[in-house]
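The chain contents come next:
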Amino acid sequence: EKVKVFPDLDTFYVVKAEKWPGCFVSDTVHIAVKISPPILLGADTSICKGQTVVLNAGNNFGTYQWSTGDINQEIITGTAGTYSVNAITVDGCHSSAAIHIAAYPVPMVTLDHTTTLCYGTTRTLDAGNYISFTWQDVSTNRTFKDVAPGTYHVTVTDNNGCNGSETYHIPQLLPCPANFYQSETSISNHVE
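We now turn to the structure provided with this report.

Calculation rules
- Residues numbered from 1 in each chain as written.
- Predicted model: local features only at pLDDT ≥ 70, side-chain atom pairs only at ≥ 80, totals over all residues.
- Heavy atoms only, no water.
- Disulfide = S-S within 2.5 Å.
- Helix = DSSP H or I, 4+ residues; strand = E, 2+ residues; numbered from the N terminus.
- Buried < 20%, exposed > 50% of the residue type's maximum accessible area, 1.4 Å probe, protein only.
- Pairing = 2+ DSSP bridges.
- Axes fitted to C-alpha atoms, helices over the stretch in contact; angles between N-to-C directions.
- Salt bridge = Lys/Arg side-chain N within 4 Å of Asp/Glu carboxyl O.

## Quick word on the state of the cysteines
Here is step 1: Within this structure, the stated rule accounts for one disulfide.
Here is step 2: A sulfur-sulfur distance of 2.0 Å marks the disulfide that ties Cys-48 to Cys-162. Taking the torsion about the sulfur-sulfur bond, which here is approximately -95°, the covalent link between Cys-48 and Cys-162 counts as left-handed. One end of the pair, Cys-48, is in strand 3 (residues 45-48); the other, Cys-162, is in the loop between strand 13 (150-157) and strand 14 (163-170), with 114 residues separating them in the sequence. Pair check on accessibility: Cys-48 and Cys-162 agree, each one buried.

Structure (structure tokens):
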């Protein structure tokens with residue numbers, strides 16, 4: 001008769017049988033339980049486009065099979081999706097894990113790119129509606145006021161934690177237009 005056992009720990013089983021009345025035989029069977037270690041890929045996560053994440057199944061296994069077709073212990077990806085791995089220890093025990101990765105777009109900052117600025121005028125640069133801002137002078141306001149000739153750079157962070165940046169350059173101040181209108185004007189009405 002067959003007996004199925006599912007021990008959690010190494011266990012000795014003693015089997016005793018009566019061959020005929022009064023004649024007993026016995027044997028001891030040792031069941032060694034080999035535990036497959038868990039694969040810890042971490043919780044589902046997100047990245048910003050252009051970033052990568054390293055997925056590592058751990059070094060407790062002899063073979064690895066990723067859903068991407070890779071057979072290495074670790075893979076690097078920058079693409080959104082669900083990634084899974086099946087691994088087998090040298091003892092033949094199986095472990096598996098999966099993780100979902102979301103990818104957010106990088107914020108697109110658009111500053112005013114008018115490169116001319118006349119004497120006596122000012123311009124305010126607006127970096128847009130984001131969570132945080134860092135300008136070239138390390139100021140952290142959404143806007144940069146009193147722009148003069150020079151290079152302006154801003155890095156923004158959106159609510160997904162993604163960063164985007166923009167650079168703007170004004171080469172020089174230009175003189176205001178002269179003689180655009182005369183200060184005295186005469187208009188004559190001719191009635192005929």
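## Description of the sheet that holds strand 8 (residues 94-104)
Each strand in a sheet pairs with another by means of backbone hydrogen bonds, the pair being arranged parallel or else antiparallel.
Here is step 1: Read from one edge of the open sheet, four strands run 3-8-7-5, paired in mixed fashion. With one partner strand each, in any of the chains shown, strand 3 and strand 5 (63-66) form the two edges of the open sheet. For this sheet the average axis-to-axis angle between neighbouring strands, irrespective of direction, equals 25°.

## Focus on the pattern of salt bridges
Here is step 1: Per the stated rule, a full pass over the model turns up three salt bridges.
Here is step 2: Measuring nitrogen to oxygen at the nearest pair gives 3.8 Å for the salt bridge that ties Asp-91 to Lys-34. Of this pair, Asp-91 sits in the loop between strand 7 (81-88) and strand 8 while Lys-34 sits in the loop between strand 2 (23-31) and strand 3, and the two are 57 residues apart along the sequence.
Here is step 3: Across the pair Arg-142 and Asp-126 runs a salt bridge, and its minimum N-O distance is 2.8 Å. Of the two residues, Arg-142 sits in the loop between strand 11 (132-135) and strand 12 (143-144) while Asp-126 sits in strand 10 (residues 125-126), which places them 16 residues apart along the sequence.
Here is step 4: Judged by its relative accessible area of 35%, Asp-126 is partly exposed.

## A look at the pairing of strand 8
Here is step 1: With four bridges joining them, strand 3 and strand 8 adopt parallel strand pairing. When the bridges of strand 8 are listed, Thr-45 appears paired with Ile-101.
Here is step 2: Of the strand pairs in this sheet, strand 7 and strand 8 are connected by eight bridges, and their pairing is antiparallel. Within strand 8, the residue paired with Ala-87 across the bridge is Ser-95.

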